[in-house]
Amino acid sequence: MSTPPSLPRTETKEDADYIKICEEYNYLIETIPKGNGWRVKHLYNYNGFWLNPIYIKANLLLHAYFKSHPTDIFLASFMKSGTTWLKALMISTINRHRYNFCDHHLHHHGPQTTFSFLESELHSYPITDFTNMSAPRLFATHFPRTLLPSSVTSCKFIYICRDPKDVLISKWFFMNKIRDKDLPPLSFAEAFELFCKGISDFGPFWEHVLSYRRASLDAPDKILFLKYEEVKEQPEVVVRKLAAFMGEPFTMEEDEERVAENIVNLCNFENLSNLEVNKKGVTKFGKLVVDNREFFRKGKIGDWKNYLTEEMKERIDGIIHEKLKGSGLTFGESA
Ligand code: A3P
């Protein structure tokens, strides 16, 4: 498999389809509901989900141009649920025959660069050409399942979710770091209100989780559904699940060589966050440049306890309980 370098873009002049998509996008932005944004001024409600406008355009482009392949593997997540960690775990599991643990690819490249992030690859013309990536192609996305083209049902997905209270805290810190400089900082009180109303990038949180939950119940062999908390508690068990799900379970020889344990150690928070590339490097997402260190804050379960009042906790837990009722999914102490 390949780790994506800068992907080539199809060099033709803007085609009629692309121009039509731009027109549709402009029309949508004028007409669909908008709410306050976390990073940018406004989020827009597109087919039930709150998106940064650039990702609405990316979604239109995805449907028009992206051709999935049955061997593709997607990592899907709601922002701040452990995407960076899962990227590292997946890339080191799938590439375990290629790199050694003393001088590993991840020692020199931030986990963000190891996957093609669909939303930021598909934002402008010429359209990114993914056809030359070797199989299995690895894609990351924050789009909910219902916003993806139906052709992806033949692909494998790994979905990671996390206690929404920790997601909220993590997201509030992160978004303020990358928030547009001409906007005032987003207060925690406002972030909390927006989150509870479902207005946050790729939200509502609960609809995002449910979109993958339903798909995983329909096709458990195609979607591996994980929680950040279970990865924390039993990382080696999860690495084994990842290996088997991606088609290459660990062999007895690998078990003797403690390969799964090496992967867990390579990708643990302390190790990754202290690497030079993650302390000083940056990652580009389209035009947005993010310091890699912003992807590593505390890496803990339950940091929400330092920020939420009892009343706030009750309110979020109540919303989540109500929205996820009947799905078999729970978060927090009741999980
Ligand atoms: P906190 O802000 O709570 O610390 P994402 O990668 O989806 O953006 O999620 C970021 C969250 O995952 C941050 O949570 C970050 O610290 C945490 N994280 C990043 N790498 C991790 C790792 N190797 N182990 C555990 N948590 C990690």
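Above this text you will find the structure in question.
Residues numbered from 1 in each chain as written. Predicted model: local features only at pLDDT ≥ 70, side-chain atom pairs only at ≥ 80, totals over all residues. Heavy atoms only, no water.

For the rest of this paragraph, the subject is the overall build of the chain. Helix and strand counts for the chain stand at 15 helices and ten strands. Dimensions of the chain, computed from C-alpha atoms along their principal axes, come out at roughly 60 × 55 × 40 Å. Only carbon and sulfur atoms are counted for the fraction: they give 52% of the accessible area of the chain, which is about 15,500 Å². (Helix = DSSP H or I, 4+ residues; strand = E, 2+ residues; numbered from the N terminus. Areas by Shrake-Rupley, 256 points an atom, 1.4 Å probe, with all protein chains shown as cover.)

Once that is clear, we can look at the side chain of serine 68. Counting through the fold element by element, serine 68 comes out in the loop between helix H2 (53-65) and strand E4 (73-77). Of the polar contacts made by the side chain of serine 68, one reaches the side chain of serine 151; its length is 3.1 Å. (Polar contact = N/O pair within 3.5 Å; in protein donor to acceptor, adjacent residues only side chain to side chain.)

Attention now goes to the nonpolar core. Trp38, Leu86, Ile158 and Leu242 are the most contacted members of the largest nonpolar core, which has 114 residues in total. Apart from the residues within four sequence positions on either side, leucine 86 is in contact with Leu75, Ile158, Ile160, Leu226, Val231 and Leu242. (Core = buried A, V, L, I, M, F, W, Y, C linked by side-chain atoms within 4.5 Å. Buried < 20%, exposed > 50% of the residue type's maximum accessible area, 1.4 Å probe, protein only. Contact = heavy atoms within 4.5 Å.)

As a further point, take the packing of helix H6 (residues 164-178) against helix H15 (residues 310-324). Two elements in contact, H6 and H15, have axes separated by 10 Å at closest approach and are oriented at 120°. When the axis of H6 is compared with that of H15, the two are oblique. Here Pro164, Lys165 and Leu168 of H6 lie close against H15, whose contacting residues are Lys313, Ile316, Asp317 and Ile320. Each residue belonging to the contact of H6 with H15 can be placed in one class, and the counts come to four nonpolar, no polar and three charged. (Axes fitted to C-alpha atoms, helices over the stretch in contact; angles between N-to-C directions. Parallel < 35°, antiparallel > 145°, perpendicular 65-115°, else oblique. Nonpolar A, V, L, I, M, F, W, Y, C, P; charged D, E, K, R; others polar.)

Attention shifts here to the packing of aromatic side chains. Applying the stated criterion to the full structure yields 23 aromatic pairs. Ring plane angle 80° and centroid distance 6.5 Å describe the contact between tyrosine 55 and phenylalanine 117, whose orientation is recorded as edge-to-face. A residue pair is termed long-range when its members are at least 10 positions apart, and tyrosine 55 in helix H2 and phenylalanine 117 in strand E5 (residues 116-117) qualify at 62 residues. There is no split in this pair, since tyrosine 55 and phenylalanine 117 are both buried. The rings of Phe66, Phe74, Phe130, Phe139, Phe157, Tyr159, Tyr212 and Phe225 are connected pair by pair, giving a single aromatic cluster. The aromatic ring of tyrosine 228 is capped on one face by arginine 162, whose charged end is 4.0 Å from the ring centroid. (Phe/Tyr/Trp six-rings, centres within 6.5 Å; stacked < 30°, edge-to-face > 60°. Lys NZ or Arg CZ within 6 Å of the ring centre and 35° of its normal.)

With that settled, consider the pairing of strand E7 (residues 156-161). Counted residue by residue, E7 has five buried out of six residues, so it is predominantly covered. Two elements, E4 and E7, share five bridges in a ladder whose sense is parallel. Note that in E7 the partner of alanine 76 across the bridge is tyrosine 159. The pairing of E7 with strand E8 (residues 223-227) spans five bridges and is parallel. Across the sheet, the residue bridging to isoleucine 160 is leucine 226, located in E8. (Pairing = 2+ DSSP bridges.)

This part covers the packing of H6 against helix H7 (residues 188-196). At a minimum axis distance of 11 Å, the contact between H6 and H7 shows a crossing angle of 135°. Considering the angle they form, H6 stands oblique to H7. For the pair H6 and H7, the sense of crossing is right-handed. Along its contact with H6, which presents Pro164, Val167, Leu168, Ile169 and Trp172, the element H7 presents Phe188, Ala191, Phe192 and Phe195. Of the residues in the contact of H6 with H7, the class split is nine nonpolar, no polar and no charged. (Left-handed = near helix turned anticlockwise from the far one by under 90°.)

Applying the stated criterion to the full structure yields 18 salt bridges. When the shortest N-O distance is used, the salt bridge between arginine 240 and aspartate 255 registers 2.9 Å. Within this pair, whereas arginine 240 is found in helix H10 (residues 235-245), its partner aspartate 255 is found in helix H11 (residues 252-256), the two being separated by 15 residues in sequence. Ionic contacts of the salt-bridge type, sharing partners, join the residues Asp163, Lys165, Lys313, Glu314 and Asp317 into one network. (Salt bridge = Lys/Arg side-chain N within 4 Å of Asp/Glu carboxyl O.)

This part is about the sheet that holds strand E6 (residues 138-141). Sheet architecture is open: five strands sit in the order E5-E6-E4-E7-E8, paired in parallel fashion. If you trace the sheet from one side to the other, it starts and ends with E5 and E8, each paired once. In the packing of helix H8 (residues 205-218) onto the sheet, contacts are made with E4, E6, E7 and E8, and the angle to E8 comes to roughly 135°. Its contacts with the sheet put H10 on E7 and E8, and the angle it makes with E8 is roughly 165°.

Strand order in this open sheet of three strands is E1-E2-E3, and the pairing throughout is antiparallel. Two strands bound the open sheet, and with one partner strand each, they are strand E1 (34-36) and strand E3 (49-51). Pairs of neighbouring strands in the sheet enclose a mean axial angle of 35°, with direction left out of account. In terms of strand pairing, E1 meets strand E2 (residues 42-46) through three bridges, oriented antiparallel. Looking at the pairing, glycine 35 lines up with leucine 43 of E2.

So, on to H8. Counted at 1.5 Å a residue, the expected span for H8 with its 14 residues is 20 Å, and the 20 Å between its end C-alpha atoms agrees. The element H8 is largely enclosed, with a buried count of ten among its 14 residues. (Expected span 1.5 Å × (residues − 1).)

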